[in-house]
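# What the coordinates show
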Amino acid sequence: GFNTVFASWILEDNLPFTLGESNGLDRVRRYLKLSVNLPSDTTVRNRLDKIHGNLSDKAVDSKIAAAYDGWTTRQMTFSFGGGILNWISKEWKLIERVIDFHAILEKEHRGV
């Protein structure tokens, strides 16, 4: 249903799970006079878990590469860490998905 399509859109376009809680998107929903409720981040996560469960029963024809990296702003004020998965689809398209992105706290970024 709608929540599956919405969660798939979130994943496909690397959008925040909280998009359904956005005031702007809710204004668009009301303007279009849509009767559906926009899903919360928890609903999106649960729906993606269900989609993942359905997909993991199918064979994967491609190898999956994981990459993790860290970045710091020019002013050295903020540090971020993130991870992505990459694979090639059956149509030979490169697929990339962000699996993690977070601010690195000072206590996590002391170096050696």
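The present account deals with the structure reproduced in this document. Starting from 1, residues in each chain are numbered consecutively following that chain's sequence as written. For a predicted model such as this one, the threshold for reporting local features is a pLDDT of at least 70, and the threshold for listing and counting side-chain atom pairs is 80 or more; totals across whole chains, interfaces and linings nevertheless cover every residue. Side-chain measures here rest on the full set of heavy atoms in the structure, leaving out hydrogens and waters.

A few words now on the sheet that holds strand 2 (residues 79-88). Pairing between two strands is assigned when DSSP locates at least 2 bridges connecting them. We count a stretch as a helix when DSSP gives it H or I for four or more residues in a row; a strand needs E for two or more, and each element gets its number in order from the N terminus. Strand order in the open sheet formed by 3 strands is 1-2-3, with antiparallel pairing between adjacent strands. Pairing within the sheet leaves two strands with one partner each, and these edge strands are strand 1 (65-72) and strand 3 (94-103). For this sheet the average axis-to-axis angle between neighbouring strands, irrespective of direction, equals 20 degrees. Direction of pairing for strand 1 relative to strand 2: antiparallel, over a ladder of 8 bridges. Across the sheet, A66 pairs through a bridge with L85, a residue of strand 2. To obtain an axis, a line is fitted to C-alpha atoms, over the contacting stretch when the element is a helix, and the angle between two such axes runs from 0 to 180 degrees between their N-to-C directions.

A separate point is the packing of aromatic side chains. Put simply, two rings from Phe, Tyr or Trp (the six-membered ring, in Trp's case) pair if the centres are within 6.5 Å, and we call them stacked under 30 degrees between planes, edge-to-face over 60, tilted for the rest. If you walk through the whole model with that rule in mind, you get 3 aromatic pairs. On the basis of an interplanar angle of 80 degrees and a centroid distance of 5.5 Å, the ring pair of F6 and W9 is categorised as edge-to-face. Of this pair, F6 and W9 both sit in helix 1 (residues 2-12), 3 residues apart, roughly one helical turn. Through a chain of ring-to-ring contacts, the aromatic side chains of F2, F6 and W9 assemble into a single cluster.

Mapped onto the secondary structure, N86 falls in strand 2. Leaving out residues up to four positions away in the same chain, N86 has contacts with K63, I64, A65, L94, I95 and E96. Between two residues, a contact is recorded if the distance between any of their heavy atoms is within 4.5 Å.

As a further point, take the side chain of R97. Along the chain, the position of R97 falls in strand 3. Partly exposed describes any residue whose relative accessible area lies between the buried limit of under 20% and the exposed limit of over 50%, with all areas from a 1.4 Å probe on protein chains only and scaled to the type maximum. This count recognises Lys and Arg as positive and Asp and Glu as negative, with His and chain-terminal groups excluded. The term salt bridge refers to a side-chain nitrogen of Lys or Arg lying within 4 Å of a carboxyl oxygen of Asp or Glu. Nearest to the buried, unbridged R97 among oppositely charged side chains is E12, at 5.6 Å.

On to helix 1. Burial in helix 1 covers these residues: F6, A7 and I10. Looking down the long axis of helix 1, one finds its buried residues gathered within 95 degrees of arc, a one-sided arrangement. Opposite the packed face of helix 1, turned more than 90 degrees from it, sit the exposed residues V5 and E12. Backbone geometry just downstream of helix 1 places N14 in the positive-phi region, at approximately 50 degrees. Here, the arc refers to the directions that run from the helix axis to the C-beta atoms.

Moving on: a nonpolar patch on the surface. Within this analysis, patches are made of residues with over 30% relative accessible area and no salt bridge. Like charges are joined at 9 Å or less; nonpolar side chains (Val, Leu, Ile, Met, Phe, Trp, Tyr) at 5 Å or less. For the accessible areas, the method is Shrake-Rupley and the probe is 1.4 Å, while residue cover comes only from the protein chains on display. On the surface, a nonpolar cluster with roughly 440 Å² of combined accessible area is contributed by V28, Y31, L32 and L34. Topologically, L32 is positioned in the loop between helix 2 (23-31) and helix 3 (41-56).

Summed over all chains, the structure comprises 3 salt bridges. With its nearest N and O atoms 2.9 Å apart, the salt bridge here joins R29 to D26. Taken as a pair, R29 and D26 lie in helix 2 at a separation of 3 residues, close to a single helical turn. Judged by relative accessible area, R29 falls into the buried class, the value being 17%.

All right, on to the environment of G20 then. The topology assignment puts G20 in the loop between helix 1 and helix 2. Along the sequence, G20 and D41 sit 21 residues apart, while their C-alpha atoms lie 7.1 Å from each other. Contacts of G20, omitting those with residues within four sequence positions, involve F6, L25, L38 and P39.

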